[in-house]
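# Understanding the architecture of this molecule
Here is how the chains run, residue by residue.
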Amino acid sequence: MVKRVLKEFKVEYLQVLDENGNCDESLMPKLSNEEIKKIYEMLVLVRVFDQKAFNMQRQGRLGTYIQFKGQEACQVGSAIALEDKDFVFPMYRNSGLLIARKHPIVQVLQYWGGDERGLRSPENVNNFPIAIPVGTQVPHAVGAGWATKLKGIKQVSAVYFGDGATSKGDFHEAMNFAGVFNVPVVFICENNQFAISVPRKKQTHSETIAQKAIAYGFEGIQVDGMDVFAVCKAMKDAVEKARNGKGPTLIECFTYRMCDHSTSDDASKYRTKEELEEWAKKDPIERLEKYMRKKNLLDDAYKENILSKSKDIVEKAVTEFEKMPAPDPKDIFRYVFAEMTQQQKEEMKELFGN
Amino acid sequence: MVVATIVQAVTMGLRQELARDNNVVVLGEDVGINGGVFRATDGLQKEFGPERVIDTPLAELGIVGVSIGMAVNGLKPVAEIQFSGFLYAAFDQLLSHAGRIRMRSRGRYTCPIVVRTPYGGGIKALELHCESGEALFSHIPGLKMVIPSNPYDTKGLLAAAIQDPDPVIFYEPMRIYRAIKQDIPEKEYFVPIGKANVVQEGDDLTLIAWGAMVKTCQDAIEKLNNKYSIELIDLRTINPYDAETIINSVRKTGRCVIAHEAIRTSGFAAELIAAINEKALLSLEAPVARVTSPDVPFPMAKLESYFLPDVNRILKGIEKVMIF
Ligand SMILES: Cc1ncc(C[n+]2csc(CCOP(=O)(O)OP(=O)(O)O)c2C)c(N)n1
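Just so you know, these numbers come straight off a predicted model, no measurement behind them.

### Comments concerning the sheet that holds strand β6 (residues 144-146) of chain B
Residue and element names in this part refer to chain B. Strands sit in the order β3-β2-β4-β5-β7-β6-β12 across an open sheet of seven strands; the sheet is mixed. A strand with exactly one partner marks an edge of an open sheet, and here the two such strands are β3 (53-55) and β12 (237-239). Within the sheet, the average angular offset between the axes of one strand and its neighbour, ignoring direction, is 20 degrees. Alignment of strand β2 (residues 24-28) against strand β4 (residues 76-80), held across five bridges, turns out to be parallel. For Val25, the partnering residue across the bridge sits in β4 and is Pro77.

### Overview of the environment of A:Lys149
Residue and element names in this part refer to chain A. Relative to the elements of secondary structure, Lys149 occurs in helix α5 (residues 138-151). Lys149 gets classed as partly exposed once you look at its relative accessible area, which sits at 41%. In this structure, the C-alpha to C-alpha distance between Lys149 and Gln137, residues twelve residues apart in sequence, is 19 Å.

### Details of the domain arrangement of chain B
Residue and element names in this part refer to chain B. Here chain B is described as being made up of domain 1 (2-184) and domain 2 (197-322). Using only C-alpha atoms to locate each centre, domain 1 and domain 2 end up separated by 26 Å. Counting residues at the interface gives 27 residues for domain 1 and 24 residues for domain 2. The partner of Arg236 in a salt bridge is Asp153, with the nearest N and O atoms 3.4 Å apart. In this assembly, domain 1 and domain 2 are joined by eleven residue pairs in polar contact (both at pLDDT 80 or more).

### Side note on the packing of aromatic side chains
Residue and element names in this part refer to chain A. Applying the stated criterion across every chain, the model contains 29 aromatic pairs over all chains. Relative to Phe352, the ring of Phe333 has its centre 6.4 Å away and its plane inclined at 90 degrees; by these criteria the two rings are edge-to-face. Of this pair, Phe333 sits in helix α13 (residues 331-334) while Phe352 is found in helix α14 (residues 342-352), placing the two residues 19 residues apart along the sequence. Linked through ring pairs, Phe194, Phe254, Tyr256, Tyr270 and Trp279 together constitute an aromatic cluster. The ring of Tyr302 has Lys37 sitting right over it, with the charged end atom 5.3 Å from the ring centre. The aromatic ring of Trp279 is capped on one face by Lys282, whose charged end is 5.4 Å from the ring centroid.

### Here's the deal with the sheet that holds strand β9 (residues 197-200) of chain B
Residue and element names in this part refer to chain B. Within the open sheet, the five strands sit side by side as β9-β11-β10-β13-β14. Their pairing is mixed. Where the open sheet ends on each side, the last strands, each with one partner, are β9 and β14 (289-293). Here the average twist between neighbouring strands, direction ignored, is 25 degrees. Across the sheet, helix α8 (residues 212-224) touches β9, β10 (205-209), β11 (230-234) and β13 (256-263), and the angle it forms with β11 is around 170 degrees. Sitting on the sheet, helix α9 (residues 243-253) is in contact with β9, β10, β11 and β13, with an inclination near 170 degrees to β11.

### Some remarks on the packing of helix α1 (residues 33-58) of chain A against helix α2 (residues 72-79) of chain A
All names here are of chain A. For the pair α1 and α2, the least separation of the axes is 10 Å and the interaxial angle reads 135 degrees. Taken together, α1 and α2 sit at an angle that is classed as oblique. In this structure, α1 meets α2 at a crossing whose hand is right-handed. Of the residues in α2, those touching α1 at Ile39, Met42, Leu43, Val46 and Arg47 are Glu72, Ala73 and Val76. Of the residues that constitute the contact of α1 with α2, the class distribution is six nonpolar, no polar and two charged.

### Topic: the interface of chain A and chain B
Chain A puts 36 residues into the contact, and the matching count from chain B is 34 residues. The junction of chain A with chain B conceals about 3100 Å² of combined surface from both sides, 62% of it contributed by carbon and sulfur atoms. Counting across the chain A and chain B interface gives two salt bridges. Counting the contacts that link chain A with chain B gives ten residue pairs in polar contact (both at pLDDT 80 or more). Contributions of two or more residues to the side of chain A that touches chain B are made by α4 (105-112), α7 (200-203), α13 and α14 of chain A.

### Overview of the pairing of strand β9 (residues 249-254) of chain A
All names here are of chain A. Counted residue by residue, β9 has five buried out of six residues, so it is predominantly covered. For strand β5 (residues 185-191) and β9, the ladder comprises six bridges, and the chain directions are parallel. Its bridge partner lying in β9, Val186 is registered against Thr249. By the bridge criterion, six bridges tie strand β8 (residues 219-224) to β9 in an arrangement that is parallel. Note on β9: the bridge partner recorded for Gly220 is Leu250.

### A short note on the site of the ligand
Near the ligand, the surroundings consist of 21 residues, among which A:Tyr92, A:Arg93, A:Gly164, A:Phe194 and B:Glu60 are the closest. Residue A:Ile132 places a main-chain N or O atom 3.0 Å away from a nitrogen atom belonging to the ligand. A distance of 2.8 Å is found between an oxygen atom of the ligand and a backbone nitrogen or oxygen belonging to A:Phe194. Burial of the ligand by the protein chains amounts to 97% of its free accessible area of 580 Å².

### A word on α5(A)
Residue and element names in this part refer to chain A. Its 14 residues place the ends of α5 20 Å apart at the C-alpha level, agreeing with the 20 Å of an ideal helix rising 1.5 Å per residue. When α5 is considered as a whole, its buried residues turn out to be Val138, Ala141, Val142, Ala144, Gly145 and Thr148. Buried residues of α5 fall within an arc of 165 degrees about the axis and therefore sit on the same side. With respect to the buried face of α5, the exposed residues turned more than 90 degrees away are Leu150 and Lys151. On the buried face of α5, the contacting elements are β2 (87-89), β4 (157-162), α6 (169-180) and β5. Positive phi appears at Gly152, one or two residues downstream of α5, with a value of about 75 degrees.

### A look at the confidence of the model for chain B
Across chain B, pLDDT averages 98, with 100% of residues at or above 70. Scored as a whole, the predicted complex attains pTM 0.97, and scored at its interfaces, ipTM 0.96.

The rules behind the values
- Residues numbered from 1 in each chain as written.
- Chains lettered and ligands numbered in written order.
- Predicted model: local features only at pLDDT ≥ 70, side-chain atom pairs only at ≥ 80, totals over all residues.
- Heavy atoms only, no water.
- Pairing = 2+ DSSP bridges.
- Helix = DSSP H or I, 4+ residues; strand = E, 2+ residues; numbered from the N terminus.
- Axes fitted to C-alpha atoms, helices over the stretch in contact; angles between N-to-C directions.
- Buried < 20%, exposed > 50% of the residue type's maximum accessible area, 1.4 Å probe, protein only.
- Domains from an automatic or database assignment.
- Contact = heavy atoms within 4.5 Å.
- Salt bridge = Lys/Arg side-chain N within 4 Å of Asp/Glu carboxyl O.
- Polar contact = N/O pair within 3.5 Å; in protein donor to acceptor, adjacent residues only side chain to side chain.
- Phe/Tyr/Trp six-rings, centres within 6.5 Å; stacked < 30°, edge-to-face > 60°.
- Lys NZ or Arg CZ within 6 Å of the ring centre and 35° of its normal.
- Parallel < 35°, antiparallel > 145°, perpendicular 65-115°, else oblique.
- Left-handed = near helix turned anticlockwise from the far one by under 90°.
- Nonpolar A, V, L, I, M, F, W, Y, C, P; charged D, E, K, R; others polar.
- Buried area = accessible area lost by both parts, 1.4 Å probe.
- Near = heavy atom within 4 Å.
- Areas by Shrake-Rupley, 256 points an atom, 1.4 Å probe, with all protein chains shown as cover.
- Expected span 1.5 Å × (residues − 1).
- Arc of directions from axis to C-beta.
- pLDDT = per-residue confidence, 0-100.

This is the structure we're talking about:
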């Protein structure tokens, strides 16, 4: 009879920049001062966008909108580690990611304004249309990553999802395929502590989401999702690993949704103001500002300038968005098949005349 | 009697059944402290406890799959799927198991689950939040499919569904969740599954609809201003559907229009037309017309109104059949 420990596992946590802007330089990802400024500028831009989009929904100028306040570092910090040609599979909470991935702001607005034209990715970058059914996009990323491997090109695939999505079979099946076929894919879980009203603890009995990767035979890491350097470092490592044929990684970004789930939600029904205030102290942008000030990369004038520049960019996009002609109603038929069916042609005639 | 909307009638029905039978459990995403994203389960967890009104992980296949297991072992699970567009993940469980357990175990096991889910469009919601998939679920033997169109029927059908010995999909018309108010009894009553409702009698044409489309048909009839005498039938149950009521009506009127939100090809109207052909063909004065959405995915808000059948399209359908 034998009884012994067969295997023991550990789960790592990474924070580079703390709440007070103190940085562990030994853990810093390789970033020039210019790159750090670019990150900061993008963080501010997406936050300005998020607030604007929310306001527009409240004014009836957009439909349901999904905010991402608090999660900017997860989206921006990971996006910068990717190349345009890499394949990104976003979820509905990823407007910030899309903007960081060169999706025109005017199109992001179009989408939330209820217009499918907003979903079409520009030709020079590989962003998939955002997924609405939770978790369903995860296997696609594995397939896309796997395809690049079979085709022999060094393209990485990255997929974004929430803590709630890790309860779905889609997630587990995708993770398993990624492990079995050693696929160049990075799984980015934005663990914002809630799936609408359901807290993370009720979503999974695992202590971390990162550790789920272990079951599928590859690495998982938890990072401070409000620390843009930690996200960036983990992502750069994971992308490099994938590009070099060393397989998948799961990155759990430990973060918080500093807003309601959506413009139809009221988070005060299921969480306290105190909790929100505690998390607000960890704010990703304020934290980076503190660091940059110490490094003489930021002063009040620069900060003001970036804020007003961001507002200009967003306002310009809003103006353009509101001037857009309405979509052609016949569009509902145009993109379903390569060629319209007989039935569709008849229906189109019935609805629109010729 | 108490005045209630459809969503309030759901809450009342659930409360009644939870109180009546300790084996009834309600489970789904956000049904607990949040009371459901439409507040259909508002206050129920507080009243009946977290073991009977259960917040689940985010997994529709899991929700339906465990409900099947609970039902097989004597509970009466009432699962909520947040939007019907997310029920497709559980299709395998419904088709391969829920609908077959009685048959495969030769009656030794049964599967009396209820799966409630808001369905339909017209509220400019996000993608996949507007689906009308009733025909898909009607194509599963062993699975019942119910769609109320008003508060009274909602509570009565829900009670009937929960007390039904077999699995029932309970589609709730999201667009009119709060649009119709009606006096409904507080005490238990049933609206039988499988019985259509003749909403108004008429002699010229039979108009058939279900769910939110019943209201649209009523609006169309009002606009007709007695030009024709319309018999409006609210189907109420998709499977097993009430062929008798339809056939009797069509034999009387000789003309029929069927309106549904779902797309045309393989929509449920096709099944009803087949039944009419089989049993009332010689009574027909004109081909039966369908007023449906076109064969395309439900478009986002900007183009939604071009997709969904409205009063004018129903009137056009009626006119076409009347002047044939
Ligand atoms: C398959 C599916 N089920 C339910 C929903 C409704 N819904 C939208 S978001 C959400 C919570 C998702 O939580 P999580 O995955 O943690 O991501 P988060 O929204 O917090 O970013 C739910 C239940 C959905 N969109 N898709």
